[in-house]
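Report on the structure
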2 protein chains.
Amino acid sequence: MPKPKTDSRDRLIETAARLFQRQGYQGTGLSQIVEESGAPRGSVYFLFPGGKEELAIEAIEQSTLMVRKQIELAAGNSHSVEEWIRSLAAHFIEDLESSNYLQGCPISTVTLESVPDSPALQKACRLAYDLWIEDITIVLIRFGIHKEDAGELAVFLLSAVEGALILCRAQGSAKPLEIGTKLSIELVKAKQHGIMEP
Amino acid sequence: MPKPKTDSRDRLIETAARLFQRQGYQGTGLSQIVEESGAPRGSVYFLFPGGKEELAIEAIEQSTLMVRKQIELAAGNSHSVEEWIRSLAAHFIEDLESSNYLQGCPISTVTLESVPDSPALQKACRLAYDLWIEDITIVLIRFGIHKEDAGELAVFLLSAVEGALILCRAQGSAKPLEIGTKLSIELVKAKQHGIMEP
DNA sequence: CGTTATATATACTGATCGTTATAGTTTCCT
DNA sequence: AGGAAACTATAACGATCAGTATATATAACG
(Lines give C-alpha, C1' and ligand atoms only; values in the text may rest on other atoms or scores of the structure.)
Protein backbone atom coordinates (compact mmCIF):
# COMPACT_ATOMS: atom_id res chain seq x y z
CA MET A 1 0.00 0.00 0.00
CA PRO A 2 1.72 3.15 -1.21
CA LYS A 3 1.71 6.20 0.99
CA PRO A 4 0.50 9.44 -0.55
CA LYS A 5 2.97 12.22 -1.06
CA THR A 6 0.47 15.03 -0.82
CA ASP A 7 -2.78 15.63 1.01
CA SER A 8 -4.57 16.52 -2.21
CA ARG A 9 -6.50 13.31 -2.20
CA ASP A 10 -7.83 13.75 1.31
CA ARG A 11 -8.64 17.39 0.70
CA LEU A 12 -10.66 16.53 -2.38
CA ILE A 13 -12.59 13.78 -0.64
CA GLU A 14 -13.34 15.87 2.40
CA THR A 15 -14.49 18.86 0.37
CA ALA A 16 -16.51 16.65 -1.96
CA ALA A 17 -18.23 15.00 0.99
CA ARG A 18 -19.26 18.36 2.42
CA LEU A 19 -20.48 19.73 -0.89
CA PHE A 20 -22.37 16.59 -1.83
CA GLN A 21 -24.03 16.69 1.57
CA ARG A 22 -25.18 20.25 1.00
CA GLN A 23 -25.83 20.37 -2.72
CA GLY A 24 -26.09 16.83 -3.88
CA TYR A 25 -24.25 15.11 -6.68
CA GLN A 26 -25.64 16.88 -9.69
CA GLY A 27 -25.59 20.21 -7.97
CA THR A 28 -21.88 20.05 -7.27
CA GLY A 29 -19.38 20.68 -10.02
CA LEU A 30 -15.86 19.34 -10.06
CA SER A 31 -14.61 22.89 -10.42
CA GLN A 32 -16.21 23.91 -7.15
CA ILE A 33 -14.71 20.93 -5.38
CA VAL A 34 -11.29 21.81 -6.74
CA GLU A 35 -11.60 25.46 -5.75
CA GLU A 36 -12.85 24.91 -2.22
CA SER A 37 -10.46 22.10 -1.53
CA GLY A 38 -7.45 24.08 -2.62
CA ALA A 39 -6.17 20.99 -4.36
CA PRO A 40 -4.59 21.40 -7.79
CA ARG A 41 -6.88 21.03 -10.76
CA GLY A 42 -4.47 18.81 -12.59
CA SER A 43 -4.55 16.18 -9.89
CA VAL A 44 -8.19 15.25 -10.01
CA TYR A 45 -8.08 12.68 -12.77
CA PHE A 46 -4.70 11.46 -11.63
CA LEU A 47 -5.93 10.75 -8.12
CA PHE A 48 -9.40 9.69 -9.24
CA PRO A 49 -9.18 8.12 -12.71
CA GLY A 50 -12.88 7.37 -12.50
CA GLY A 51 -13.59 11.07 -12.37
CA LYS A 52 -16.48 12.59 -10.48
CA GLU A 53 -18.20 9.30 -9.83
CA GLU A 54 -15.16 7.74 -8.20
CA LEU A 55 -14.61 10.82 -6.07
CA ALA A 56 -18.24 10.73 -5.03
CA ILE A 57 -18.03 7.10 -4.02
CA GLU A 58 -15.03 7.79 -1.85
CA ALA A 59 -16.76 10.79 -0.35
CA ILE A 60 -19.82 8.69 0.46
CA GLU A 61 -17.63 6.02 2.00
CA GLN A 62 -15.94 8.59 4.17
CA SER A 63 -19.25 10.04 5.30
CA THR A 64 -20.48 6.55 6.01
CA LEU A 65 -17.53 5.91 8.26
CA MET A 66 -17.95 9.22 10.08
CA VAL A 67 -21.50 8.39 11.05
CA ARG A 68 -20.50 4.90 12.11
CA LYS A 69 -17.86 6.36 14.40
CA GLN A 70 -20.40 8.76 15.80
CA ILE A 71 -22.81 5.93 16.52
CA GLU A 72 -20.12 4.01 18.35
CA LEU A 73 -18.74 7.05 20.15
CA ALA A 74 -22.14 8.06 21.43
CA ALA A 75 -22.83 4.51 22.53
CA GLY A 76 -19.55 4.29 24.41
CA ASN A 77 -20.27 7.48 26.29
CA SER A 78 -23.80 6.50 27.27
CA HIS A 79 -25.25 4.36 30.00
CA SER A 80 -28.73 3.99 28.55
CA VAL A 81 -30.55 3.97 25.21
CA GLU A 82 -32.05 7.28 26.09
CA GLU A 83 -28.67 8.85 26.67
CA TRP A 84 -27.34 7.34 23.51
CA ILE A 85 -30.16 8.60 21.32
CA ARG A 86 -29.89 12.05 22.87
CA SER A 87 -26.19 12.14 22.24
CA LEU A 88 -26.55 11.14 18.63
CA ALA A 89 -29.34 13.63 18.07
CA ALA A 90 -27.26 16.39 19.61
CA HIS A 91 -24.56 15.70 17.10
CA PHE A 92 -26.89 16.05 14.14
CA ILE A 93 -28.51 19.13 15.59
CA GLU A 94 -25.09 20.68 16.01
CA ASP A 95 -24.32 19.90 12.38
CA LEU A 96 -27.61 21.44 11.30
CA GLU A 97 -27.34 24.61 13.32
CA SER A 98 -23.69 25.26 12.60
CA SER A 99 -24.39 25.05 8.87
CA ASN A 100 -27.53 27.18 8.86
CA TYR A 101 -29.55 24.01 8.24
CA LEU A 102 -27.68 23.09 5.12
CA GLN A 103 -26.06 19.92 6.39
CA GLY A 104 -28.46 17.15 7.17
CA CYS A 105 -27.73 13.54 6.36
CA PRO A 106 -24.45 13.42 4.48
CA ILE A 107 -25.66 10.97 1.86
CA SER A 108 -29.43 11.24 1.50
CA THR A 109 -29.39 13.74 -1.34
CA VAL A 110 -26.85 11.73 -3.29
CA THR A 111 -28.81 8.56 -2.60
CA LEU A 112 -31.96 9.97 -4.10
CA GLU A 113 -30.07 11.30 -7.09
CA SER A 114 -28.04 8.19 -7.75
CA VAL A 115 -30.95 5.84 -8.32
CA PRO A 116 -30.63 4.54 -10.96
CA ASP A 117 -28.21 6.86 -12.71
CA SER A 118 -25.00 5.49 -11.22
CA PRO A 119 -25.14 1.90 -10.02
CA ALA A 120 -21.76 2.14 -8.32
CA LEU A 121 -22.72 5.23 -6.39
CA GLN A 122 -26.06 3.71 -5.52
CA LYS A 123 -24.29 0.67 -4.19
CA ALA A 124 -22.14 2.80 -1.91
CA CYS A 125 -25.21 4.57 -0.56
CA ARG A 126 -27.06 1.35 0.00
CA LEU A 127 -24.09 -0.07 1.86
CA ALA A 128 -24.01 3.00 4.06
CA TYR A 129 -27.56 2.48 5.23
CA ASP A 130 -27.04 -1.23 5.70
CA LEU A 131 -24.01 -0.62 7.87
CA TRP A 132 -25.74 2.04 9.93
CA ILE A 133 -28.69 -0.27 10.50
CA GLU A 134 -26.34 -3.01 11.54
CA ASP A 135 -24.51 -0.71 13.95
CA ILE A 136 -27.70 0.61 15.47
CA THR A 137 -29.06 -2.88 15.87
CA ILE A 138 -25.99 -4.00 17.78
CA VAL A 139 -26.11 -1.01 20.09
CA LEU A 140 -29.79 -1.53 20.72
CA ILE A 141 -29.19 -5.12 21.73
CA ARG A 142 -26.30 -4.02 23.92
CA PHE A 143 -28.70 -1.71 25.71
CA GLY A 144 -31.14 -4.46 26.42
CA ILE A 145 -33.55 -4.35 23.52
CA HIS A 146 -34.90 -7.78 22.70
CA LYS A 147 -32.98 -9.33 19.84
CA GLU A 148 -36.14 -10.00 17.88
CA ASP A 149 -37.13 -6.34 18.08
CA ALA A 150 -33.76 -4.71 17.53
CA GLY A 151 -33.47 -5.12 13.77
CA GLU A 152 -36.80 -3.59 12.90
CA LEU A 153 -36.40 -0.95 15.53
CA ALA A 154 -33.07 0.07 14.04
CA VAL A 155 -34.63 0.50 10.62
CA PHE A 156 -37.42 2.53 12.11
CA LEU A 157 -35.15 4.78 14.15
CA LEU A 158 -32.91 5.43 11.17
CA SER A 159 -35.96 6.21 9.05
CA ALA A 160 -37.19 8.66 11.64
CA VAL A 161 -33.84 10.44 11.76
CA GLU A 162 -33.47 10.59 7.99
CA GLY A 163 -36.95 11.97 7.58
CA ALA A 164 -36.56 14.42 10.40
CA LEU A 165 -33.36 15.75 8.84
CA ILE A 166 -35.26 16.47 5.65
CA LEU A 167 -37.94 18.34 7.55
CA CYS A 168 -35.29 20.25 9.45
CA ARG A 169 -33.69 21.42 6.25
CA ALA A 170 -37.03 22.30 4.71
CA GLN A 171 -38.13 24.30 7.73
CA GLY A 172 -34.81 25.71 8.75
CA SER A 173 -35.37 24.40 12.23
CA ALA A 174 -34.17 21.60 14.44
CA LYS A 175 -37.64 21.06 15.84
CA PRO A 176 -38.51 17.96 13.80
CA LEU A 177 -35.37 16.23 14.98
CA GLU A 178 -36.08 17.21 18.58
CA ILE A 179 -39.53 15.74 18.28
CA GLY A 180 -38.07 12.67 16.64
CA THR A 181 -35.65 12.27 19.50
CA LYS A 182 -38.34 12.52 22.12
CA LEU A 183 -40.73 10.07 20.52
CA SER A 184 -37.97 7.68 19.53
CA ILE A 185 -36.89 7.48 23.14
CA GLU A 186 -40.43 6.84 24.25
CA LEU A 187 -40.84 4.11 21.69
CA VAL A 188 -37.57 2.40 22.49
CA LYS A 189 -38.24 2.46 26.21
CA ALA A 190 -41.67 0.99 25.67
CA LYS A 191 -40.18 -1.75 23.56
CA GLN A 192 -37.47 -2.27 26.13
CA HIS A 193 -39.94 -2.89 28.91
CA GLY A 194 -42.26 -4.87 26.74
CA ILE A 195 -45.26 -2.69 27.51
CA MET A 196 -46.14 -2.59 23.87
CA GLU A 197 -47.63 -5.49 22.04
CA PRO A 198 -49.62 -5.26 18.85
CA MET B 1 -59.40 33.52 -14.69
CA PRO B 2 -58.64 32.64 -18.31
CA LYS B 3 -59.18 29.12 -19.48
CA PRO B 4 -56.29 27.41 -21.25
CA LYS B 5 -56.65 26.54 -24.89
CA THR B 6 -54.32 23.60 -24.83
CA ASP B 7 -53.34 20.98 -22.33
CA SER B 8 -49.65 21.75 -22.82
CA ARG B 9 -49.43 23.38 -19.44
CA ASP B 10 -50.87 20.44 -17.57
CA ARG B 11 -48.78 17.98 -19.52
CA LEU B 12 -45.61 19.87 -18.67
CA ILE B 13 -46.45 20.11 -14.99
CA GLU B 14 -47.41 16.48 -14.72
CA THR B 15 -44.30 15.26 -16.50
CA ALA B 16 -42.08 17.62 -14.57
CA ALA B 17 -43.54 16.39 -11.29
CA ARG B 18 -42.82 12.78 -12.17
CA LEU B 19 -39.29 13.47 -13.38
CA PHE B 20 -38.41 15.67 -10.43
CA GLN B 21 -39.66 12.95 -8.15
CA ARG B 22 -37.40 10.41 -9.78
CA GLN B 23 -34.36 12.44 -10.74
CA GLY B 24 -34.52 15.62 -8.74
CA TYR B 25 -34.30 19.16 -9.93
CA GLN B 26 -30.73 19.33 -11.16
CA GLY B 27 -30.91 15.91 -12.66
CA THR B 28 -33.86 16.78 -14.87
CA GLY B 29 -33.38 18.84 -17.97
CA LEU B 30 -36.03 20.96 -19.60
CA SER B 31 -35.46 19.08 -22.82
CA GLN B 32 -36.38 15.80 -21.19
CA ILE B 33 -39.52 17.30 -19.73
CA VAL B 34 -40.51 18.63 -23.12
CA GLU B 35 -39.86 15.35 -24.85
CA GLU B 36 -41.66 13.11 -22.39
CA SER B 37 -44.59 15.46 -22.01
CA GLY B 38 -45.14 15.71 -25.72
CA ALA B 39 -45.74 19.42 -25.27
CA PRO B 40 -44.27 21.77 -27.87
CA ARG B 41 -40.84 23.12 -27.11
CA GLY B 42 -41.79 26.64 -28.02
CA SER B 43 -44.45 26.80 -25.35
CA VAL B 44 -42.33 26.35 -22.29
CA TYR B 45 -41.28 29.94 -21.74
CA PHE B 46 -44.63 31.19 -22.89
CA LEU B 47 -46.51 29.11 -20.34
CA PHE B 48 -43.81 29.44 -17.69
CA PRO B 49 -42.04 32.78 -18.09
CA GLY B 50 -40.02 31.99 -14.99
CA GLY B 51 -38.49 29.04 -16.78
CA LYS B 52 -37.46 25.84 -15.07
CA GLU B 53 -37.85 27.22 -11.58
CA GLU B 54 -41.44 28.28 -12.12
CA LEU B 55 -42.29 24.96 -13.68
CA ALA B 56 -40.70 23.19 -10.74
CA ILE B 57 -42.70 25.22 -8.25
CA GLU B 58 -45.93 24.33 -9.99
CA ALA B 59 -44.89 20.69 -10.14
CA ILE B 60 -44.16 20.69 -6.42
CA GLU B 61 -47.49 22.33 -5.71
CA GLN B 62 -49.26 19.68 -7.73
CA SER B 63 -47.45 16.89 -5.94
CA THR B 64 -48.28 18.53 -2.65
CA LEU B 65 -51.94 18.52 -3.50
CA MET B 66 -51.86 14.92 -4.64
CA VAL B 67 -50.51 13.73 -1.33
CA ARG B 68 -53.02 15.86 0.54
CA LYS B 69 -55.83 14.25 -1.39
CA GLN B 70 -54.39 10.84 -0.63
CA ILE B 71 -54.26 11.60 3.06
CA GLU B 72 -57.88 12.69 3.05
CA LEU B 73 -59.05 9.87 0.83
CA ALA B 74 -57.44 7.23 3.00
CA ALA B 75 -58.88 8.85 6.10
CA GLY B 76 -62.36 8.88 4.63
CA ASN B 77 -62.18 5.21 3.79
CA SER B 78 -60.89 4.15 7.19
CA HIS B 79 -62.53 3.48 10.52
CA SER B 80 -59.40 3.54 12.64
CA VAL B 81 -55.93 5.05 12.72
CA GLU B 82 -54.50 1.67 12.00
CA GLU B 83 -56.57 1.27 8.88
CA TRP B 84 -55.71 4.76 7.79
CA ILE B 85 -51.98 4.32 8.17
CA ARG B 86 -52.12 1.00 6.37
CA SER B 87 -54.06 2.52 3.52
CA LEU B 88 -51.62 5.37 3.13
CA ALA B 89 -48.65 3.07 3.30
CA ALA B 90 -50.18 0.80 0.68
CA HIS B 91 -50.40 3.74 -1.65
CA PHE B 92 -46.72 4.61 -1.30
CA ILE B 93 -45.68 0.99 -1.60
CA GLU B 94 -47.69 0.72 -4.79
CA ASP B 95 -45.93 3.80 -6.13
CA LEU B 96 -42.56 2.34 -5.21
CA GLU B 97 -43.12 -1.09 -6.67
CA SER B 98 -44.76 0.08 -9.86
CA SER B 99 -41.79 2.33 -10.56
CA ASN B 100 -39.09 -0.18 -9.72
CA TYR B 101 -38.36 1.80 -6.55
CA LEU B 102 -37.72 5.03 -8.37
CA GLN B 103 -40.65 6.99 -7.05
CA GLY B 104 -40.54 7.70 -3.36
CA CYS B 105 -41.59 10.99 -1.88
CA PRO B 106 -42.45 13.32 -4.76
CA ILE B 107 -40.64 16.29 -3.31
CA SER B 108 -37.86 15.14 -1.00
CA THR B 109 -35.12 15.16 -3.61
CA VAL B 110 -36.04 18.62 -4.79
CA THR B 111 -36.27 19.81 -1.21
CA LEU B 112 -32.74 18.73 -0.45
CA GLU B 113 -31.47 20.28 -3.65
CA SER B 114 -33.32 23.55 -3.34
CA VAL B 115 -31.79 24.61 -0.05
CA PRO B 116 -30.57 27.29 -0.43
CA ASP B 117 -30.19 27.52 -4.17
CA SER B 118 -33.71 28.59 -4.99
CA PRO B 119 -35.62 30.35 -2.19
CA ALA B 120 -38.89 30.22 -4.09
CA LEU B 121 -38.64 26.51 -4.68
CA GLN B 122 -37.56 25.94 -1.11
CA LYS B 123 -40.62 27.85 0.06
CA ALA B 124 -42.90 25.62 -1.97
CA CYS B 125 -41.28 22.51 -0.47
CA ARG B 126 -41.52 23.85 3.03
CA LEU B 127 -45.18 24.66 2.53
CA ALA B 128 -45.77 21.13 1.32
CA TYR B 129 -44.45 19.60 4.52
CA ASP B 130 -46.32 22.12 6.66
CA LEU B 131 -49.58 21.29 4.94
CA TRP B 132 -49.04 17.55 5.21
CA ILE B 133 -48.26 17.87 8.90
CA GLU B 134 -51.40 19.93 9.36
CA ASP B 135 -53.50 17.39 7.50
CA ILE B 136 -52.07 14.47 9.41
CA THR B 137 -52.59 16.25 12.70
CA ILE B 138 -56.25 16.84 11.95
CA VAL B 139 -56.83 13.23 10.96
CA LEU B 140 -55.06 11.99 14.08
CA ILE B 141 -57.30 14.12 16.27
CA ARG B 142 -60.31 12.90 14.34
CA PHE B 143 -59.28 9.34 15.18
CA GLY B 144 -59.08 10.08 18.87
CA ILE B 145 -55.47 11.05 19.44
CA HIS B 146 -55.12 13.55 22.25
CA LYS B 147 -54.88 17.06 20.87
CA GLU B 148 -51.70 17.76 22.80
CA ASP B 149 -50.03 14.71 21.24
CA ALA B 150 -51.29 14.99 17.68
CA GLY B 151 -49.01 17.74 16.41
CA GLU B 152 -45.77 16.12 17.45
CA LEU B 153 -46.99 12.71 16.45
CA ALA B 154 -47.79 14.01 12.98
CA VAL B 155 -44.27 15.36 12.56
CA PHE B 156 -42.85 12.07 13.74
CA LEU B 157 -45.02 9.93 11.49
CA LEU B 158 -44.18 12.06 8.48
CA SER B 159 -40.49 11.86 9.35
CA ALA B 160 -40.71 8.11 9.57
CA VAL B 161 -42.38 7.84 6.19
CA GLU B 162 -39.97 10.21 4.49
CA GLY B 163 -36.99 8.40 5.90
CA ALA B 164 -38.41 5.00 5.09
CA LEU B 165 -38.96 6.06 1.49
CA ILE B 166 -35.30 6.96 1.22
CA LEU B 167 -34.27 3.58 2.57
CA CYS B 168 -36.69 1.86 0.21
CA ARG B 169 -35.14 3.57 -2.78
CA ALA B 170 -31.64 2.84 -1.55
CA GLN B 171 -32.37 -0.83 -0.97
CA GLY B 172 -34.76 -1.40 -3.81
CA SER B 173 -37.23 -2.85 -1.36
CA ALA B 174 -40.43 -1.86 0.35
CA LYS B 175 -39.35 -3.47 3.59
CA PRO B 176 -38.36 -0.27 5.42
CA LEU B 177 -41.76 1.22 4.74
CA GLU B 178 -43.48 -1.96 5.90
CA ILE B 179 -41.52 -1.84 9.11
CA GLY B 180 -42.33 1.83 9.46
CA THR B 181 -46.00 1.10 9.02
CA LYS B 182 -45.99 -1.60 11.65
CA LEU B 183 -44.13 0.39 14.27
CA SER B 184 -45.99 3.60 13.53
CA ILE B 185 -49.26 1.81 14.18
CA GLU B 186 -47.95 0.43 17.45
CA LEU B 187 -46.79 3.85 18.52
CA VAL B 188 -50.00 5.61 17.62
CA LYS B 189 -52.13 3.01 19.36
CA ALA B 190 -50.03 3.29 22.48
CA LYS B 191 -50.40 7.05 22.40
CA GLN B 192 -54.10 6.66 21.76
CA HIS B 193 -54.64 4.58 24.85
CA GLY B 194 -52.28 6.59 26.95
CA ILE B 195 -50.16 3.60 27.90
CA MET B 196 -47.05 5.52 27.17
CA GLU B 197 -45.74 8.25 29.40
CA PRO B 198 -42.19 9.50 29.45
C1' DC C 1 23.62 12.40 -10.53
C1' DG C 2 20.02 10.52 -13.06
C1' DT C 3 16.09 7.89 -13.61
C1' DT C 4 11.51 6.69 -12.55
C1' DA C 5 7.14 7.27 -10.58
C1' DT C 6 4.24 10.62 -8.75
C1' DA C 7 2.10 14.81 -9.17
C1' DT C 8 0.50 19.15 -11.40
C1' DA C 9 -0.30 22.77 -15.24
C1' DT C 10 -2.71 24.08 -19.25
C1' DA C 11 -5.58 23.90 -23.05
C1' DC C 12 -9.06 21.90 -25.37
C1' DT C 13 -13.05 18.88 -26.62
C1' DG C 14 -17.84 17.89 -27.39
C1' DA C 15 -21.95 17.96 -25.12
C1' DT C 16 -25.64 19.86 -22.61
C1' DC C 17 -27.61 23.26 -20.01
C1' DG C 18 -31.19 27.19 -19.30
C1' DT C 19 -32.48 31.12 -21.65
C1' DT C 20 -33.57 34.58 -25.25
C1' DA C 21 -34.84 36.57 -29.72
C1' DT C 22 -37.43 36.45 -33.60
C1' DA C 23 -40.64 34.84 -36.54
C1' DG C 24 -44.53 32.14 -37.66
C1' DT C 25 -48.86 29.90 -36.73
C1' DT C 26 -53.31 28.96 -34.75
C1' DT C 27 -57.48 30.20 -32.30
C1' DC C 28 -60.90 33.14 -30.48
C1' DC C 29 -63.88 37.15 -30.62
C1' DT C 30 -66.48 40.76 -32.77
C1' DA D 1 -63.69 38.56 -42.50
C1' DG D 2 -60.28 40.78 -39.73
C1' DG D 3 -57.60 41.85 -35.96
C1' DA D 4 -55.91 40.54 -31.55
C1' DA D 5 -54.42 37.34 -28.43
C1' DA D 6 -52.74 32.91 -27.49
C1' DC D 7 -49.63 29.57 -28.85
C1' DT D 8 -45.65 27.33 -31.26
C1' DA D 9 -41.14 26.76 -34.25
C1' DT D 10 -36.51 27.56 -34.82
C1' DA D 11 -32.10 29.12 -34.09
C1' DA D 12 -28.74 30.85 -31.56
C1' DC D 13 -26.55 32.43 -27.20
C1' DG D 14 -23.18 32.19 -23.43
C1' DA D 15 -22.12 29.39 -19.81
C1' DT D 16 -20.81 25.35 -17.63
C1' DC D 17 -20.14 20.70 -17.52
C1' DA D 18 -17.17 16.21 -17.20
C1' DG D 19 -13.51 14.44 -19.38
C1' DT D 20 -9.00 14.10 -22.28
C1' DA D 21 -4.42 15.04 -24.22
C1' DT D 22 -0.10 16.73 -23.77
C1' DA D 23 3.56 18.75 -21.49
C1' DT D 24 5.94 19.97 -17.37
C1' DA D 25 7.35 19.82 -12.79
C1' DT D 26 8.44 17.69 -8.35
C1' DA D 27 9.93 14.19 -5.48
C1' DA D 28 11.84 9.53 -4.22
C1' DC D 29 15.46 6.39 -4.83
C1' DG D 30 19.29 3.74 -6.46
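Up top is the structure.
Residues numbered from 1 in each chain as written. Chains lettered and ligands numbered in written order. Predicted model: local features only at pLDDT ≥ 70, side-chain atom pairs only at ≥ 80, totals over all residues. Heavy atoms only, no water.

What follows is about the side chain of serine 37 of chain B. Residue and element names in this part refer to chain B. By the element assignment, serine 37 lies in helix H2 (residues 30-37). Side-chain polar atoms of serine 37 contact the backbone nitrogen of alanine 39, separated by 3.1 Å. Setting aside its immediate chain neighbours within four residues, serine 37 contacts Arg11, Leu12 and Thr15. (Helix = DSSP H or I, 4+ residues; strand = E, 2+ residues; numbered from the N terminus. Polar contact = N/O pair within 3.5 Å; in protein donor to acceptor, adjacent residues only side chain to side chain. Contact = heavy atoms within 4.5 Å.)

A separate point is the side chain of serine 108 of chain B. Tracing the backbone through its elements, the reader meets serine 108 of chain B in helix H6 (residues 108-114). What makes serine 108 of chain B buried here is its relative accessible area of 3%. What serine 108 of chain B contacts, discounting residues up to four positions off in sequence, is Leu112 and Ile166 of chain A together with Tyr129 and Glu162 of chain B. (Buried < 20%, exposed > 50% of the residue type's maximum accessible area, 1.4 Å probe, protein only.)

Within the largest apolar cluster, 138 residues are counted, with the highest numbers of intra-cluster contacts made by Trp84 and Leu140 of chain A together with Trp84 and Leu140 of chain B. Once residues within four sequence positions are removed from consideration, leucine 140 of chain B is found in contact with Val81, Trp84, Ile145, Ala150, Leu153, Ala154, Leu157 and Val188 of chain B. (Core = buried A, V, L, I, M, F, W, Y, C linked by side-chain atoms within 4.5 Å.)

To continue, consider the relation of the copies chain B and chain A. Once chain B is rotated about the relating axis by 180° and shifted along it by 0.0 Å, it coincides with chain A to within an RMSD of 0.0 Å. Between the two chains, the operation in question is that of a two-fold axis. (Least-squares fit on C-alpha atoms with pLDDT ≥ 70 in both.)

The local shell around DNA strand D holds 17 residues, among which Leu30 and Tyr45 of chain A together with Lys5, Pro40 and Ser43 of chain B are the closest. The sugar-phosphate backbone supplies 74% of the atoms of DNA strand D found within 4 Å of the protein. Take serine 8 of chain B: an N or O atom from its side chain is 3.2 Å from a phosphate oxygen of DNA strand D. Residue serine 43 of chain B places a side-chain N or O atom 2.3 Å away from a phosphate oxygen belonging to DNA strand D. Contributing elements (two or more residues each) for the surface near DNA strand D: helix H2 (30-37) and helix H4 (51-76) of chain A. Here the surface near DNA strand D is built from residues that sort into 5 nonpolar, 8 polar and 4 charged. (Near = heavy atom within 4 Å. Nonpolar A, V, L, I, M, F, W, Y, C, P; charged D, E, K, R; others polar.)

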